[in-house]
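Spelled out from the first residue to the last, the chains are:
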Amino acid sequence: IGGGDSAGLTGRTRTLVSRASTALTKAMFPIRLAACSDPMTGFFLVDRSRVRLDGLRPRGFILSGGPASAYEPGAPQCPDYVWSSGLPVLGICYGMQLMARHFGGAVAPSAQREYGAAEVAVCDQTHPLFAGLPSTLPVWMSHGDRITRLPPDMRILAASANSPIAAMGNERYVGIQFHPEVNHT
């Protein structure tokens, strides 16, 4: 939370939100993931060959953020096997935008870039991502694009003032515009 209290959270509430953010990530994608390279955590680069990746037995994929725009020619893409694997996928920021485009949604520049503390309103507290969490959550946003059309077979899970689709998903795929990996969320 920018400056320690910009969202008005104190003590126990801040601790609960922080624990919920950590639990959220662990619950959705428990151990072996394919996302970045860190031998201590079991995370690996998505650009590994499918054969080598299968040997690692990932339980899901995390598509992270980045400075590119998903709609630009030559924008980074993830390998097709991520979508065809049958494994759960969490798209964060740019990863959410890749997911939206892959499944028939639309991404466009935001009228207003967003960087910093924001608040999301949970639209679907029945989804495992938000079950048991408060109806509004302080989050950290960092983006210049946003989802403008929801992909078929997905539903809006959370919204913010600047991002009407701040989180989307179904049973296998979840995209979030905010960053759960930072202390501010």
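Please refer to the structure placed before this passage.
Residues numbered from 1 in each chain as written. Predicted model: local features only at pLDDT ≥ 70, side-chain atom pairs only at ≥ 80, totals over all residues. Heavy atoms only, no water.

## Notes on the side chain of Asp 145
One can find Asp 145 in strand E6 (residues 136-149). Residue Asp 145 is classed as buried on the basis of its relative accessible area of 8%. Of the polar contacts made by the side chain of Asp 145, one reaches the side chain of Tyr 71; its length is 2.9 Å. Not counting residues up to four positions away in its chain, the partners in contact with Asp 145 are Ala 68, Ser 69, Ala 70, Tyr 71, Gln 97, Val 107, Ala 108, Pro 109, Ser 110 and Gln 177. (Helix = DSSP H or I, 4+ residues; strand = E, 2+ residues; numbered from the N terminus. Buried < 20%, exposed > 50% of the residue type's maximum accessible area, 1.4 Å probe, protein only. Polar contact = N/O pair within 3.5 Å; in protein donor to acceptor, adjacent residues only side chain to side chain. Contact = heavy atoms within 4.5 Å.)

## As for the nonpolar core
Ranked by internal contacts, the top residues of the largest apolar core, which has 20 residues, are Val 120, Phe 130, Ile 176 and Phe 178. Residue assignment for this core shows that the elements contributing at least two residues are strand E4 (89-92), strand E5 (106-122), E6, strand E7 (155-159) and strand E9 (173-176). Non-local contacts of Phe 130, meaning those with residues more than four positions away in its chain, are made with Val 122, Asp 124, Gln 125, Leu 137, Leu 157, Ala 158, Ala 167 and Phe 178. Ranked by size, the runner-up nonpolar core spans 16 residues in total, among them Leu 63, Val 82, Val 89 and Ile 165. (Core = buried A, V, L, I, M, F, W, Y, C linked by side-chain atoms within 4.5 Å.)

## Let's talk about the pattern of salt bridges
Across all of its chains, the model carries two salt bridges by this definition. For the salt bridge of Arg 155 with Asp 124, the shortest nitrogen-to-oxygen distance reads 2.5 Å. Taken together, the residues span a long stretch of sequence, with Arg 155 in strand E7 and Asp 124 in the loop between E5 and E6 at a distance of 31 residues. Overall, Arg 155 belongs to the partly exposed group, its relative accessible area being 29%. The partner of Glu 171 in a salt bridge is Arg 155, and the shortest N-O contact between them spans 3.7 Å. Here Arg 155 lies in strand E7 and Glu 171 lies in the loop between strand E8 (167-169) and E9, a separation of 16 residues in the sequence. Under the relative-accessibility criterion, Glu 171 is labelled exposed at 74%. Here the salt bridges do not stand alone but share partners, grouping Asp 124, Arg 155 and Glu 171 into one network. (Salt bridge = Lys/Arg side-chain N within 4 Å of Asp/Glu carboxyl O.)

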